[in-house]
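# Understanding the architecture of this molecule
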Amino acid sequence: MSTSARRKVATKFRIAVAVVFYLGALLGDSVSASEDEPPVISYINREASGKKILPDFGSVHLGESVPEQYRAAANGFARLWQEHVTGIKGYDTVKDVPFTLIVPDKIDETAFGGNEPKIREFLLEHVVPGALVEVKDQNTYLNLNQHPVHVNLSCFDMLMAYEINQSAKVLTKRNVTENLSLVFIVGNLTESDVQSSSTNKFNKRNIQETNRYNEPQRLEMKNTTKELAANKENRIGQHLMSFLAGMKSGTKVFQHFLTSSNLSQLMDDSSYMVFIPSDTAFQRWHPIDWGFYPFSVQEFTETVLRNHFVRTKQPLRMADLRATHTEQRFKTLGGEYIVLKNKPSPNVNNVTILSDYTLSNGIEVFLLSEVLFVSEAVVSRLHQMHKDKETPPLLAFPWFGAQFLSHSFLALERDTRFSQITRFLNTAEIAQFISGSNYTFFVPTDEAFERYSFDLLPDSVLGSEKGIKMLLNHFIRGRLYDRDLKDGELIDTIGGMPVKIQRSFENTVRVNSARIVESEVFVYNLGTMFYIDDVLYPDLLRDEVKAITDMKNVDRNIPDSGTDAYTTEQNPPITERLTSTTTFRSLYGLLTTSADVELVPLEVTEISKRNIDENNSQFQDDEIITPKALPLRYFYGPKK
């Protein structure tokens, strides 16, 4: 081969190699870009995206509409708004669109340095259009700067409270007008680190595919990978876990919580003092039969665990504690402070130290008689915020095998708005379809049933196959929260028909055509009820309603004569032509609300006595009998 030919081949080879490397670099950049790309965030007020609108509250005196302790903050925000935002170009002031102002407790105007755009950006950052903000965990909104405003539940000073964008603690919320509400916070929403963290984080729905919402969710790890956390646990926590595993009794609850937590990500190669409450200490907070167990809240349990670990250069030994007469003060990994004292006996925060152990890697372990930083006030506050974690009493009546259905029935029975649905539940045999727990129930009000004249239907219709199917279309297998009702989603009901969720610009939620009037009515930890103002799939009983309506119309034309009474017991002559009224009476037991109807007790015959005795003999003493509406018979009597 000639020299020139070799040069051409070498040149082509170099070009091919260069092209391969270039394409590889482009592919790598695209992959890394896709990995770094933030997840799509699901905003409740996503209709506000791209819209430049401002609230019109010039005629509203914000300071006069709130309690005195928040008046200065409201007036300060309103003054800044009037000076720097009113009349801003490119934005339209609207009156009929709802807004929420997120009002910081203090505004440091010197930090703006007289920078007009910076002041406007600060104010627009604290205004949420298109939806009155509901302070609920995992709700995310867009503000006027098109940035996310995320509400989450966190622990402050051992108390659970809401915060916005992981920095501003929510103090209170006040509705000023129909379209304007105020949310007062400690801090503000303009910190740069808040922007970055909130942009990249909040779209993960706290839902599992199995709909097991009662199971506590593991906290997300921050600034670490699972592999790194596992390595740290192997280096740091191995001795501690081996110690707990070797304890035959007394520390099993702490060991369980520590194993299921992400505490290892906070631990490094330093020395530690670990304060371990005994099993009896945790058992004190466990309800005897039913009630609220605070450690069913994963975030709270994680915080409690952190406050039982102290990182220190030199752990304090029991011998040193006994020898000293001064208090020893340390800061925990959770940010709280503990005080160790020698008198009257060795204790930490006045909790008795039962025993101590020194592990081979230098970790000092103290076994305690109580759980630190947990009190009746803390648990009561936590309970109010987590009604969905409360365990229920076991009901043997009305449906032993359907605890969610039984507790829902008893709760609705005490509410005068739901007399029709309780009659429906008491009549239709659906316990076999709603057995156990973990359900969502969309509950129509009495007005919804009366709108379709379902209140006139007899029990035989409600308990029919059509009636049961319509009722089951109000139940969903799996527990849903308000945050799980995403706009446009279709959810299958137990009755086999789908329901479509619609969340409007004003944050009104509809299930098909029914509007949710009350959300998240927790039935202990068994499931959730949503109260709605319409019946789902009412057409299933349309023919039955029409029949009884026609019967009532015919009933008005019954002649005023002294003829014999019409009853369901009588058999008309064969030659007599059946009317629509008698046909309906024979099918449905003749239920009517006419003034011509007189209720007469059913006479007990020998046959009825024998039937009753036979029925009673079929039931055993230990059987649970589902309550049914008592059979009544109606007789037509002549008008007087």
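Read on for a plain summary of the structure. (Residues numbered from 1 in each chain as written. Predicted model: local features only at pLDDT ≥ 70, side-chain atom pairs only at ≥ 80, totals over all residues. Heavy atoms only, no water.)

### Observations concerning the pattern of salt bridges
Under the definition given, this model contains 15 salt bridges. Between Arg423 and Asp459 there is a salt bridge, and its shortest N-O distance comes to 2.8 Å. Residue Arg423 is found in helix α12 (residues 419-427), and its partner Asp459 is found in helix α14 (residues 459-462); the two are separated by 36 residues along the sequence. On the basis of relative accessibility, which here comes to 23%, the residue Arg423 falls in the partly exposed class. In the salt-bridge network here, residues are joined through shared partners; they are Arg79, Glu83 and Glu109. (Salt bridge = Lys/Arg side-chain N within 4 Å of Asp/Glu carboxyl O. Helix = DSSP H or I, 4+ residues; strand = E, 2+ residues; numbered from the N terminus. Buried < 20%, exposed > 50% of the residue type's maximum accessible area, 1.4 Å probe, protein only.)

### Overview of the packing of aromatic side chains
Scanning the model with the defined rule gives 20 aromatic pairs in all. Ring geometry for Phe282 against Phe295: centres 5.2 Å apart, planes inclined by 70°, an arrangement best described as edge-to-face. Residue Phe282 is found in helix α7 (residues 279-283), and its partner Phe295 is found in the loop between α7 and α8 (298-306); the two are separated by 13 residues along the sequence. The same class applies to Phe282 and to Phe295, which are both buried. A connected cluster of aromatic rings, assembled from ring pairs, spans Phe257, Phe282, Tyr293, Phe295 and Phe300. One residue, Arg329, lies across the ring of Tyr337, its end atom 4.3 Å from the ring centre. For Arg483, the ring lying beneath its charged end belongs to Tyr481, and the centroid distance is 4.6 Å. (Phe/Tyr/Trp six-rings, centres within 6.5 Å; stacked < 30°, edge-to-face > 60°. Lys NZ or Arg CZ within 6 Å of the ring centre and 35° of its normal.)

### Examining the sheet that holds strand β23 (residues 527-532)
Ordered by their spatial adjacency, seven strands build an open sheet running β18-β17-β23-β22-β21-β20-β19, and the pairing between neighbours is mixed. Edge positions in the open sheet fall to β18 (475-477) and β19 (490-492), since each of these has one partner strand only. Sheet twist, expressed as the average angle between the axes of neighbouring strands with direction ignored, equals 30°. Of the pairings in the sheet, the one linking strand β22 (residues 514-523) to β23 comprises five bridges and is antiparallel in character. Bridging across to β23, Val523 finds its partner in Gly527. The sheet contacts of helix α11 (residues 403-413) involve β17 (439-444), β18, β22 and β23, and relative to β23 the element is tilted by about 40°. (Pairing = 2+ DSSP bridges. Axes fitted to C-alpha atoms, helices over the stretch in contact; angles between N-to-C directions. Contact = heavy atoms within 4.5 Å.)

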